[in-house]
Amino acid sequence: MTTTVPPAERADAGPPSLRRSALAPRRRITNRIAMVLITLALVIAVVPLAWVTISVLARGLEIMSWQFLTEDIPNSYRRHGPGMAPAIVGTFLITGAAALLAVPLGIFGAIYLNEYGKQRPLAQVIRTMADVMTGVPSIVMGLFIYTVVVVVTGEQTGFAGALALACLMLPIVIRSSEEILRLVPDDLRQASLALGARQWRTILTVVLPAAISGIASGALLAIARAAGETAPLVATIGIAFTVNPNLFSGQNTALPAQIFRNASQPFEGAQERAWGAALTLVVIVFVFTVVARVVVSRFAIKER
Amino acid sequence: MSTRTTKEEAARPALSGGSGGVRVERLFSWWTLATGLLVLAILALILITTTKQAWPALQDMGLRFITSSTWDPNPASGNPVFGSLAFIYGTAVSSLIALLIGVPISIGIALFLTELAPRRLRGSAVMVVDMLAAIPSVVFGLWGVLVLAPLLVHVYRWVHDVFAPVPGLNSIFGEPVGTGRSFMTAGVILAIMIIPIVTSISREVLSTVPQANKDAAFALGATQWEMITGAVFPHSFGGLVGAVMLGLGRAMGETIAVSLVIGGATNITPNVFAGGNSMAAVIVQQFGESTGTFTAALIGLGVVLFAMTVVINLAARLVVRRAEIRVRGAAT
């Protein structure tokens, strides 16, 4: 290994070409193969992403129309044609209600972790368990809400679904908000405390405003993820074919639930609607993700 | 400490008006603590309430709930039987396939991002992974069942024919099911879905490898690959194990996509091209038409799933944290 490189060549070419030109062929080829495989990994990941996107766009646009977005869902899977409005309304209402529940609670939880708990054992436990909670299967959240809400009230409602989604969002909001709060410089806190403000006032009027766009971005990403969740809704919201604007009474429906239901049907009409609903859902999730990105980049510019 | 409190005491009345400030402060800190404790409360409540709801079925079946492979909720005669071994097997096989396919790809991407990628490519590579994470699982399921599975059948046929004469492998790559909805398809879809999380954790872990170690490997004449195997992998092994375990937890809990592509058969077979079912998938497929003990049994499946994923996630987080602490300790 050491003797393969003649000193003259080494002086000529400098360290980089020392690796490339004078290596034993076996080592060089192993290295080349490994590098190609590593690059290939990224290419392999692009394939399903591109393929799914193209499928959803191509098949979804076939059925996409104004009627599709505004009409009720046909109550027979065999029937062709449009209608997904109840699911679109349901998705916005249920995800919105979930966000109203989970985002404020999550932010307060993050404030506890970063401003009060810090490195105390209890805070460490909560931090770890929040991480664990992000890994709890979404279907389990659905079963949990089914047990404590649907069984007790005796009715599947949109609000039960919202509670299940809120349980999924809570740990994500806590952890992402805590990351942002950690970035707020301590100087700001000290300046505020030095002016005589109490800690709660410092947090609400100094720390939170400084971190708000980062927190908003994390919350938007959590909302985008919750909007695409299906499993917790299957057990909690039931099924509806007409728009149900009341979250607290009557069964409801949402885009992911409709995709799931229609995709498992062997009928063309149902599958067409599933693709249309998938396109709608992907666009909604995409918009939320992009808005989150923009909010973050605005934040970064303001910082500088 | 005490001097600071008295100083605050003296300055406060003018600013926030008497002892009200103390009360607000106390209320506020308690309120934030309560929201933090909510996480622990929810986790505990999940365990308690679902176990209680599932109790009739668990009590009926006893240990046979996880050791029996007979799942017969509506028998022609006699009592219903709920043995979930077939579904535990399905969860294990599909997750294993997902790890075998997904982990090398994820670690490859993570290596590409930390060691190879030119800076301008890095941003778009990260975006690919983020976009994969953003696509809802039900959309992967829809694509898997209507687009991918029918195409994969041809691949399965070909693999089956190639390995037919090889003993051992011919039972693993057995006769493919006509729809393509099988353990293998579920594994492929799951592999795609665990790539984002495994990649992002691996990337974090790999980026903790000190530049000095890498430079040292290069200075000894290592090629880039030898540097990776000699300096990067030994340093980040623990963290990578944690990343893989998080991927496993994600794969085991994934419900919707799997339930669409796994085939929905109660089946224990070495043949990965045959249809089967997983714990999470059974729950969504059968929940709508279940009543009484049947519902309890499905919730029982959820309890088992919950316990398994919590244990795996907890272990993974501890492994990752320990690896990070060791690295930081060494660096400072």
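What you see is a predicted model; the values in this text were computed from it and never measured. (Residues numbered from 1 in each chain as written. Chains lettered and ligands numbered in written order. Predicted model: local features only at pLDDT ≥ 70, side-chain atom pairs only at ≥ 80, totals over all residues.)

Trainee: Looking at this structure, how should I read the overall build of chain B?
Mentor: Scanning chain B for helices and strands turns up 13 helices and two strands. Taken against the 2.2 N^0.38 rule, which gives 20 Å for 332 residues, the C-alpha radius of gyration of chain B at 26 Å runs more than 25% over that of a compact globule. C-alpha atoms of chain B, sized along the principal axes, occupy 85 × 65 × 35 Å. In chain B, buried positions account for 48% of the 332 residues. Long-range contacts, defined as pairs at least 24 residues apart, comprise 74% of the intrachain contacts of chain B with a sequence gap of at least 6. (Helix = DSSP H or I, 4+ residues; strand = E, 2+ residues; numbered from the N terminus. Rg over C-alpha atoms; globule rule 2.2 N^0.38 Å. Buried ≥ 20, exposed ≤ 12 C-beta atoms within 10 Å, placed from the backbone. Contact = placed C-beta atoms within 7 Å.)

Trainee: How should I be thinking about the overall build of chain A in this particular structure?
Mentor: Looking only at helices and strands, chain A features twelve helices and zero strands. In chain A, the succession of α and β elements from N to C terminus is α-α-α-α-α-α-α-α-α-α-α-α. For chain A, whose C-alpha radius of gyration is 26 Å, the value lies well above the compact-globule estimate of 19 Å for 304 residues. Dimensions of chain A along its principal axes, counting C-alpha atoms only, are 85 × 65 × 35 Å. Evaluated residue by residue, chain A yields a buried proportion of 49% over its 304 residues. Look at the contacts in chain A between residues 6 or more apart in sequence, and 74% of them connect residues 24 or more apart.

Trainee: What's the story with the domain arrangement of chain A in this structure? I'm lost.
Mentor: Much of the literature gives interface size as the accessible area that the parts lose upon coming together. Residue and element names in this part refer to chain A. Assigned domains of chain A: these are domain 1 (7-63) and domain 2 (66-303). Here domain 1 and domain 2 have C-alpha centroids that lie 37 Å from each other. With seven residues of domain 1 at the contact, the number on the domain 2 side is nine residues. For the side of domain 1 that touches domain 2, the class distribution of residues is four nonpolar, one polar and two charged. (Domains from an automatic or database assignment. Nonpolar A, V, L, I, M, F, W, Y, C, P; charged D, E, K, R; others polar.)

Trainee: Would you mind going over the environment of A:Thr289 with me for this structure?
Mentor: Residues and elements named next belong to chain A. Here Thr 289 lies in helix 12 (residues 268-303). C-beta crowding within 10 Å serves as the criterion here: with 20 such atoms nearby, Thr 289 is assigned to the buried category. Separated by 72 residues in sequence, Thr 289 and Ser 217 have C-alpha atoms that sit 8.5 Å apart.

Trainee: Is there a simple way to explain the interface of chain B and chain A in this structure?
Mentor: Each side of the interface is counted separately: chain B has 74 residues, and chain A has 72 residues. The dominant element in the side of chain B that touches chain A, judged by the number of residues it contributes, is helix 2 (residues 20-61) of chain B, at 20 residues. Residues of the side of chain B that touches chain A, tallied by class, amount to 49 nonpolar, 21 polar and four charged.

Trainee: Looking at this structure, how should I read the environment of A:Pro171?
Mentor: On the secondary structure map, A:Pro171 appears in helix 7 (residues 158-183). Since 27 C-beta atoms lie within 10 Å of it, A:Pro171 is described here as buried. Through-space distance from the C-alpha of A:Pro171 to that of A:Thr134 is 5.9 Å; in sequence the pair is 37 residues apart. Apart from the residues lying within four places of it in its own chain, the contact partners of A:Pro171 are A:Ala130, A:Met133, A:Thr134 and B:Val39.

Trainee: Would you mind going over the domain arrangement of chain B with me for this structure?
Mentor: Residues and elements named next belong to chain B. Along its sequence, chain B is organised into domain 1 (2-61) and domain 2 (81-331). With centres defined by C-alpha atoms, the gap from domain 1 to domain 2 works out at 37 Å. Opposite the eleven residues of domain 1 that make contact, domain 2 presents nine residues.

Trainee: Help me understand unusual backbone geometry, please; the structure alone is not making it clear to me.
Mentor: Generally, phi is negative for residues other than glycine and the peptide bonds are trans, each holding for most cases. Even without being glycine, A:Lys118 reaches a positive phi, approximately 45 degrees. Residue placement: A:Lys118 occurs in the loop between helix 4 (85-117) and helix 5 (121-134).

Trainee: What is the right way to read helix 11 (residues 255-263) of chain A from this model?
Mentor: The buried fraction of helix 11 of chain A amounts to nine of the nine residues, a majority that puts the element mostly inside the structure. Along helix 11 of chain A, the positions that sit buried rather than exposed are A:Leu255, A:Pro256, A:Ala257, A:Gln258, A:Ile259, A:Phe260, A:Arg261, A:Asn262 and A:Ala263.

Trainee: Please clarify how the nonpolar core should be interpreted in this entry.
Mentor: For soluble globular proteins, the rule of thumb is that nonpolar side chains tend to be buried together. Counting residues in each nonpolar core, the largest one holds 194 residues, and the members touching the most others are A:Met169, A:Val173, A:Ile259, A:Ala278 and B:Val139. Not counting residues up to four positions away in its chain, the partners in contact with A:Ala278 are A:Val56, A:Gly60, A:Ile259, B:Val139 and B:Leu142. (Core = buried A, V, L, I, M, F, W, Y, C linked by C-beta atoms within 7 Å.)

Trainee: Please clarify how the confidence of the model for chain A should be interpreted in this entry.
Mentor: When pLDDT is averaged along chain A, the result is 88; 91% of the residues meet or exceed 70. Looking across chain A, the model is least confident in helix 1 (residues 7-21) of chain A, with a mean pLDDT of 52, and most confident in helix 4 of chain A, with 95. (pLDDT = per-residue confidence, 0-100.)

Trainee: Just checking my understanding: could you explain helix 4 (residues 85-116) of chain B for this structure?
Mentor: Residues spaced three or four apart along an α-helix point in a common direction, a consequence of the helix completing one turn every 3.6 residues. Residues and elements named next belong to chain B. Between the first and last C-alpha of helix 4 there are 44 Å, a value that for 32 residues agrees with the 46 Å anticipated at 1.5 Å per step. At Gly 102, helix 4 is bent by approximately 30 degrees, the largest bend along its length, and proline Pro 104 sits one to four residues beyond. Among the 32 residues in helix 4, 24 count as buried, and that is most of the element. (Expected span 1.5 Å × (residues − 1). Bend = angle between axes of the 7 residues up to and from the residue.)

Trainee: Please explain the packing of helix 5 (residues 119-134) of chain B against helix 8 (residues 183-206) of chain B as it appears in this structure.
Mentor: All names here are of chain B. Interhelical geometry of helix 5 versus helix 8 gives an angle of 130 degrees and a closest axis separation of 8 Å. As judged from the angle between their axes, helix 5 and helix 8 are oblique. The hand of the helix 5/helix 8 crossing is left-handed. Each of Val 129, Leu 132 and Ala 133 in helix 5 lies in contact with helix 8, whose residues at this interface are Ile 192, Ile 195, Pro 196, Thr 199 and Ser 200. Among the residues making up the contact of helix 5 with helix 8, the classes are represented as six nonpolar, two polar and no charged. (Axes fitted to C-alpha atoms, helices over the stretch in contact; angles between N-to-C directions. Parallel < 35°, antiparallel > 145°, perpendicular 65-115°, else oblique. Left-handed = near helix turned anticlockwise from the far one by under 90°.)

Trainee: Would you take a moment to explain the confidence of the model for chain B for this structure?
Mentor: For any part of a model where pLDDT is low, the fine detail of the predicted coordinates should not be relied upon. Residues and elements named next belong to chain B. Here chain B shows a mean pLDDT of 87. Residues at 70 or above account for 92%. A low-confidence stretch, residues 1-18 (pLDDT under 50), is modelled with seven contacts involving residues beyond four sequence positions or located in other chains. The complex model carries a pTM of 0.88, and its ipTM stands at 0.87.

Trainee: What is the right way to read the environment of A:Val148 from this model?
Mentor: Inspection of the secondary structure assignment puts A:Val148 in helix 6 (residues 138-153). Along the backbone, A:Val148 and A:Pro74 are 74 residues apart, and their C-alpha atoms lie at a distance of 32 Å.

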